[in-house]
Structures are given as C-alpha cells and as structure tokens.
Amino acid sequence: MKKVAFVLVIIMLVGMSMTTYAQGEPEADVFATDRPTPVENADPITDANISFTEDVNIHRLSDGETGRGTIDTPDKYWATNGYPDNISFAYEAGGEMLENGTSVAYWEIGIVNADEASKNEILDLLSPNCLITFRDCTYSYKQREAAFNEIYASRDAIVRDVQMLLNSEVVFVEIADGYEKEYARKYVEQYGAFVVVTNDIAAADDAIAAGGLDKGGNNPFDFWFFPICLFLLVGMVTVIFFNRNRFIPVMQTNNGNVITGSTPISRKQTVSAIKNSAITPSNDVFNSIVKRVDDLRK
Amino acid sequence: MNNLELTDKLNAIRNGDKIAFEELYTDLQTPIYTIAYRITWDVSSSEDILQEVFIKLFLSPPKSTIKNPRAYIFQMAHNLAIDSTRTQARHISLEEIENSAHQPLDDLSLRMDIETALKTLPTQECEIVTLHIIGELKFREISEIMKIPLGTVIWKYQKAISKLQKIITGGSL
C-alpha cells in the first residue's frame, strides 16, 4: 500500500511538472491528425501582391504510384536521417485495406522542381505498402525549417508565434494587429512566399490539416523533457495496472491459436483472424429449411 | 461462388433444382449466418434469419436481371437481421442499436477470442467488417446495403480493424 502511495505521489509531481512546462510553452499545441485539407480556408492576412497563394503550392503531379523500396514511413525516415534538399513535405493522407488483406497507406509527397528522376528516387525508397501522390513544390523542407527557426528565435511582442506545416509548404506566423502587412512583405522578401502571416494563429489552426508541426524550440532540454516525463508516467501507470489487475493478455482465436499480449499482431493477421472467426450453423438448420419449403409447397 | 455462378445456381433453383439449392446453401450458409449473428448476437435469431433467407431464395429466387445477386442476398439477410434486432429491442432506437458498443466481459482473466473482440465494436462497424471480410462484399456494395456513404464505410472499416488489432495485441478491452 505504501508503495502505491509513493508511486501516486511521483505521478502527481510529474503531472504538476508537465503542467508547468506546458503553461510556459504557449505554442505547444498538438494538432489533431484527422483534420481536412489545410490552408485553403486559412484566410491569411497579407498584402495582395506578396501574399501566399495556392499557385505557389501543391500542384498535383500524379496519383497513387506504388513504392518499390523498403521504407514504410518516409516522414519518420527523413526526420531521422535528414530531409533531402528536394523534399518539401511527406505526410500520410489515409489508407485502405485491399481485397487481398494487404493494407496500403496513401502518402502525399511534395518535391521541389519535380522530375522523373526525383520521383523514381522516392519510389525506389518507399515500400510497396505506400501509394504515393507527388506534388510539385517550390520550397524545400530544409528551407522552410531554416526560416521557421529564425522566426521562432525572433519572437517578441509583435512576432507572437510560428508554426510549420508538414502537409504543405507553409509556415504560419502570428503577428500583432496592425503589423501584418509590414511583416508579410518583410518575410516574403527575406524567405519566400511560403511564409504566411496571420493575426490569429489559433483560427488558422482550424484550417490546418494533418501534419501541423509544433516545434518547441531548440533547447535540448525542452526537446527531451516532455517525452521523458511522459515515458515515466506511462511506465508507472502500466506497472500499477498490471500489478493491481494481475492481467495477462492472452487470447485465443476460434481456431484455438493462442495469442499473447507480447506478440504484435499485424492488420493482415487481424483480418485473417476475423476471416477464421466465421461461424457455421448447425446441420439441423438445412433440414429444417427443406422441411419448411416442402410444407409451404403443399 | 462469384456472381455469374450464383446467377446460374439461382436459375437452376427457379427450375426446382434442389441440388443447386443445397450447393448454394453450402456456399453461403457460413457468411450469412455469421453476418446475422454479428448483428443479433443471438444463435436462435440467426438461425431463423438464415432459414428465412433460404426459404425466400427457394420459393422466389431473385430475377436473373439482377446484376449482383450476392449483394442482393446479403441485403436480404441484413434487413432481416435489423428487423429482428428491432423486434427484440423495441424500446431502443435503431440508431442506438447501430452505434451502441457491446460491453466487454467483466472478467478480464478469461480467455478471449476474436468474437469477444468483435463484440466490443459498435454494431455498425462490426457489420461492415463482417460483410467485407466474411461476406466478401466490396465497400461500394456495403455502402448500398447499409445506405451509408462509401467514405463512411471505408473509414469505419479502417477504424474497426485498428481497434481489433489493438485488442488482439492486448492493448485494451
């Protein structure tokens, strides 16, 4: 009992630390992952001559080309290994379970100055589980990230907030009322038309889609603090849950195959398990049908 | 049995061919019974529905002009199962039935199978999964049978498979 009380106190302390941390980082909003298309309704406030327009962005090049390589999640791959100079964004826009039980993920990949060679390079990298739509872009991820970092570092009373999207080539900057045009002009001249100025980034959030990127700053402590706290919290809750419930997740399919909780189950195996779970009625049902049919015919 | 073979069988049944009827029953008994059961969760009702479907098929098989007899037969089973559920729970609205999640078993130490996992899904999701995987119907056909948009069918299917995958892996129940 004392142990449980001790663990609960630690959880409370960690929780309080996390709350304090979150309050100190107003831009730490996490975007929902199921929002619709971005930018179209974002209504950025900029000078007409220099404002961001859709022409700058996202021209669809192709539909659903299948990968030939091994990587299933290009966004994570590039986040780990660094984005190539010609990639603007990569995000998963949905998926589908095919008739044969294979699952396919739809990927939207923005390429700067796309040509067949760069498309083939990506197709060679991604696995056949990826159905890729290429989009022609003007600005690379690295270019946008550099702008993001500089603007982020320059935040003050006027430059309130900045967010970089992962599903289009846009960097939103929230600017105080009255300064929008001035800053829009300045940013476009300095970085390019991908910087979109708004005076209410929260309103723009509603129009931002799947891959809104929140970057919490460049301080390594900032970067690691939240995941470590979360990891500790989840670990402790899991230990308590398993201890209290003595729960061993063991399951059995209708065929008698025992599946333990430690075995990760793929979608294909899940579909197969469902297929095997079909139930056959008793033999009496058919006899009963034949008898009823005969009765009705008489 | 594909639609072409089904049409042949139904034509034979129209001419009183009992062997064709038995072959049709052998082929479709499991998916139809499973779908009925996954809607009603009642053995007796599911057997009644199965009987009803095949008696109708024998006495008045669908016309040969019907392009998709498989979807037609599953539509019949689906409608009968929904009617049966309505009769069993008159005080609950159809929407509540379709969206209500079955409660998981209290005793988590019991060995659980995929059937139990399916019971945790809302009825509509369970029905979509069963029609697609066991009934081998296309999403478009399911959308027409259940009278819900194609996008909703695909979305609910994906959601249901993810949930089941999580449950079977031991994530939650």
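Residues numbered from 1 in each chain as written. Chains lettered and ligands numbered in written order. Predicted model: local features only at pLDDT ≥ 70, side-chain atom pairs only at ≥ 80, totals over all residues.

## Observations regarding the overall build of chain B
Phase 1: From N to C terminus, chain B includes nine helices and zero strands.
Phase 2: Reading the helices (α) and strands (β) of chain B from amino to carboxyl end gives α-α-α-α-α-α-α-α-α.
Phase 3: By the burial criterion, 43% of the 173 residues in chain B qualify as buried.
Phase 4: The long-range fraction of contacts in chain B, counting pairs at least 24 apart against all pairs at least 6 apart in sequence, stands at 62%. (Helix = DSSP H or I, 4+ residues; strand = E, 2+ residues; numbered from the N terminus. Buried ≥ 20, exposed ≤ 12 C-beta atoms within 10 Å, placed from the backbone. Contact = placed C-beta atoms within 7 Å.)

## Thoughts on the packing of helix H9 (residues 284–297) of chain A against helix H3 (residues 43–59) of chain B
Phase 1: Contact geometry for H9(A) and H3(B): axes closest at 10 Å, N-to-C directions at 45°. Classed by the angle they form, the pair H9(A) and H3(B) counts as oblique. Taken as a pair, H9(A) and H3(B) cross one another with a handedness that is right-handed. Facing H9(A), whose interface residues are A:Val285, A:Ser288, A:Ile289, A:Arg292, A:Val293 and A:Leu296, H3(B) presents B:Glu47, B:Leu50, B:Gln51, B:Phe54, B:Ile55, B:Phe58 and B:Leu59.
Phase 2: Grouping the amino acids of the contact of H9(A) with H3(B) by side-chain chemistry returns nine nonpolar, two polar and two charged. (Axes fitted to C-alpha atoms, helices over the stretch in contact; angles between N-to-C directions. Parallel < 35°, antiparallel > 145°, perpendicular 65-115°, else oblique. Left-handed = near helix turned anticlockwise from the far one by under 90°. Nonpolar A, V, L, I, M, F, W, Y, C, P; charged D, E, K, R; others polar.)

## Some thoughts on the confidence of the model for chain B
Low pLDDT marks regions whose predicted coordinates should not be analysed in detail.
Residues and elements named next belong to chain B.
Phase 1: Averaged over every residue, the pLDDT of chain B is 78; the share at 70 or more is 82%.
Phase 2: At the level of individual helices and strands, chain B shows its lowest average pLDDT in helix H5 (residues 94–99), which scores 49, and its highest in helix H7 (residues 123–133), which scores 90.
Phase 3: Counting interchain partners and residues more than four positions distant, the pLDDT-below-50 stretch residues 99–111 has 19 contacts.
Phase 4: Among the prediction metrics, the complex's ipTM stands at 0.78, with pTM recorded as 0.43. (pLDDT = per-residue confidence, 0-100.)

## Looking at the packing of helix H2 (residues 18–40) of chain B against H3(B)
The geometry of a pair of packed helices is captured by two quantities: the angle between their axes and the separation between those axes.
All names here are of chain B.
Phase 1: Running from N to C, H2 and H3 point in directions that differ by 140°, and their axes come no closer than 9 Å. When the axis of H2 is compared with that of H3, the two are oblique. For H2 against H3, the interelement crossing comes out right-handed. Between H2 and H3, the contacting residues are Phe-21, Tyr-25, Gln-29, Ile-32, Tyr-33, Ala-36, Tyr-37 and Thr-40 on the first element and Val-43, Ser-45, Ser-46, Ile-49, Leu-50, Val-53, Phe-54 and Phe-58 on the second.
Phase 2: Residues of the contact of H2 with H3, tallied by class, amount to twelve nonpolar, four polar and no charged.

## Digging into the pairing of strand S8 (residues 195–198) of chain A
Residues and elements named next belong to chain A.
Phase 1: The alternating pattern of S8 places Val-195 and Val-197 on one face and Val-196 and Thr-198 on the opposite face, and all of these are buried.
Phase 2: Bridging between strand S7 (residues 171–175) and S8 involves four bridges; their strand directions are parallel. By the bridge assignment, Phe-172 is partnered in S8 with Val-196.
Phase 3: Where the polypeptide runs from S7 across helix H5 (residues 180–190) and back to S8, its parallel neighbour, the crossover connection is right-handed. (Pairing = 2+ DSSP bridges. Right-handed = clockwise from strand over helix to strand, strands pointing away.)

## Describing H3(B)
All names here are of chain B.
Phase 1: Its 17 residues give H3 an end-to-end C-alpha distance of 24 Å, which sits within 8% of 24 Å, the value for a rise of 1.5 Å per residue.
Phase 2: Those residues of H3 not exposed but buried are Ser-46, Ile-49, Leu-50, Val-53, Phe-54, Leu-57 and Phe-58. Mapping the buried residues of H3 onto a view down its axis gives an arc of 165°, with all of them on the same face. Along H3, the residues that are exposed and aim more than 90 degrees away from the buried face are Ser-44 and Leu-59. (Expected span 1.5 Å × (residues − 1). Arc of directions from axis to C-beta.)

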